[in-house]
Amino acid sequence: MTTDSALPLRIAAISPLTEVEGPGKRFAVWAQGCSIRCDGCFNPHLWGAAGGRPTGPDELAQQALASGAEGVTLLGGEPFDQADGFATFARTVRDGGLSVMTFTGHYLEDLRGPDAPPSFAALLAATDLLVDGPYLADQLDHARPWVGSRNQRFHFLTDRYLHLRSRLPGLADRLEVRVSPTGEVSINGWADVAALDELLQDSTPAVGRGSVR
Ligand code: SF4
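Source: prediction; values computed, not measured.

Quick notes on the environment of aspartate 81
By secondary structure assignment, the location of aspartate 81 is in the loop between strand S4 (71-75) and helix H2 (83-95). Judged by its relative accessible area of 36%, aspartate 81 falls in the partly exposed class. When sequence neighbours within four positions are dropped, the list of residues in contact with aspartate 81 reads Gly33, Cys34, Ser35 and His106. Among the polar contacts listed, one links the side chain of aspartate 81 to the backbone nitrogen of serine 35, at a separation of 2.8 Å.

Comments concerning the packing of H2 against helix H4 (residues 118-125)
Contact pair H2 / H4: the axes reach a minimum separation of 8 Å and the direction vectors enclose 25°. Between H2 and H4, the interaxial angle falls into the category roughly parallel. For the crossing formed where H2 meets H4, the hand is left-handed. Between H2 and H4, the contacting residues are Ala83, Asp84, Phe86, Ala87, Ala90, Arg91 and Arg94 on the first element and Ser119, Phe120, Ala122, Leu123 and Ala125 on the second. Residue composition of the contact of H2 with H4, grouped by class: 8 nonpolar, 1 polar and 3 charged.

Focus: the confidence of the model for the protein chain
In the predicted model, the protein chain carries a mean pLDDT of 88, and 87% of its residues have values of at least 70. Note on residues 205-213: pLDDT is under 50 here. Beyond four places in sequence and across chains, it has 53 contacts.

Some details on helix H1 (residues 57-65)
Among all positions of H1, only Pro57, Asp58, Leu60, Ala61 and Ala64 are buried. Along the long axis of H1, the arc covered by the buried residues comes to 155°, so they all point the same way. In this fold, the buried residues of H1 make contact with strand S1 (9-18), strand S2 (26-31), strand S3 (53-55), S4 and H2.

Observations concerning H4
Think of an α-helix as turning once every 3.6 residues; residues three or four places apart then point the same way. Among all positions in H4, only Ser119, Phe120, Leu123 and Leu124 are buried. Down the axis of H4, the smallest arc covering the buried residues is 140°, so these residues share one side. Pointing more than 90 degrees away from the buried face of H4 are the exposed residues Pro118 and Ala125. Against the buried residues of H4 lie S4, H2, strand S5 (99-103), helix H3 (108-111) and strand S6 (129-132).

A look at the pattern of salt bridges
Close approach of charged atoms lets side chains of opposite charge pair. A complete count under the given rule lists 5 salt bridges for this structure. Measuring nitrogen to oxygen at the nearest pair gives 3.8 Å for the salt bridge that ties arginine 26 to glutamate 70. Of this pair, arginine 26 sits in strand S2 while glutamate 70 sits in the loop between H1 and S4; the two residues are 44 residues apart in sequence, bridging distant segments of the chain. Here glutamate 70 falls in the partly exposed class, since its relative accessible area comes to 33%. One salt bridge connects aspartate 141 with arginine 144, and the closest N-O pair in it is separated by 2.6 Å. An identical accessibility class is assigned to aspartate 141 and arginine 144; each is buried. One continuous salt-bridge network, built from bridges that share partners, spans Glu109, Asp132 and Arg153.

What counts and how
- Per-chain numbering applies: the sequence of each chain, read as written, is numbered from 1 onward.
- Local features in this predicted model are restricted to residues whose pLDDT is 70 or higher, and side-chain atom pairs enter the listing and the counts only when it is 80 or higher, whereas totals over whole chains, interfaces and linings include all residues.
- For side-chain calculations, the full set of non-hydrogen atoms in the structure is used, while hydrogens and water are omitted.
- Each helix is a run of H or I in the DSSP string that is no shorter than four residues. Each strand is a run of E no shorter than two, and both are numbered from the N terminus.
- Each residue is placed in one exposure class: buried if its accessible area under a 1.4 Å probe, protein chains only, is under 20% of its type's maximum, exposed if it is over 50%, and partly exposed if it falls in between.
- Contacts are assigned to residue pairs with any non-hydrogen atoms lying within 4.5 Å of each other.
- N or O atoms closer than or at 3.5 Å make up a polar contact, with two conditions inside protein: a donor-capable atom paired with an acceptor-capable one, and, for residues adjacent in sequence, both atoms drawn from side chains.
- Angles here are taken between N-to-C directions and fall from 0 to 180 degrees, while the axes themselves are lines fitted to C-alpha atoms, restricted in helices to the stretch in contact.
- By the definition adopted for this analysis, an angle is roughly parallel if under 35 degrees, roughly antiparallel if over 145, roughly perpendicular if from 65 to 115, and oblique otherwise.
- Two helices crossing with the near one rotated counterclockwise from the far one by less than a right angle form a left-handed crossing, whereas a clockwise rotation gives a right-handed crossing.
- Side-chain classes follow a simple rule in which Ala, Val, Leu, Ile, Met, Phe, Trp, Tyr, Cys and Pro form the nonpolar group, Asp, Glu, Lys and Arg form the charged group, and the remainder, Gly included, forms the polar group.
- Confidence of the predictor at the level of single residues is given by pLDDT, which spans 0 to 100.
- Regarding the arc, it is the one traced by the directions from the helix axis to the C-beta atoms.
- Salt bridge, as applied in this entry: a Lys or Arg side-chain nitrogen positioned within 4 Å of an Asp or Glu carboxyl oxygen.

Now the structure itself:
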């Protein structure tokens, strides 16, 4: 039973237990809609705000809390385009003991700027690890996990993942490939383009966060 009173979130996809979208096992949520629209974005099908599936923040939080994940990862799309609903979701899962990692195409300075709405501060306050900055296709990052380009930064907003700060360059990017009983293939995570091309020769991906870089 849901107690949702907030406006529903527009969700493009969920991975209830992934090991390639942040530290440990995570409940990953791809937001539908992105106002940033980076050149070379691998998820342009997530730009439109009208698509996706409407889901209440509390309903989504109950799914995350029951997933067995150590934390949730918000990506997209642009989570801050729906900051109010994602802040509600993030607060609820953190109250339940999960960590929160949030990707954004904005820079943290802008999210904290004088024109930022209060919902931005609310989502930042409920985030442990923030990855900020737009994807820049001419600055591919092959050294750090989870990010696509060198301009993107890790911000440890709480001490939950501070132990990772010095270890990040040594963590490898990985891909997850799932095959459903009906043969549908879905891929998420990051990989070298050549490696993904080889992988996709005989398959069709269903979803991915910028599945390649
Ligand atoms: S890379 Fe991320 S922030 Fe940039 S357009 Fe794509 S979804 Fe939006």
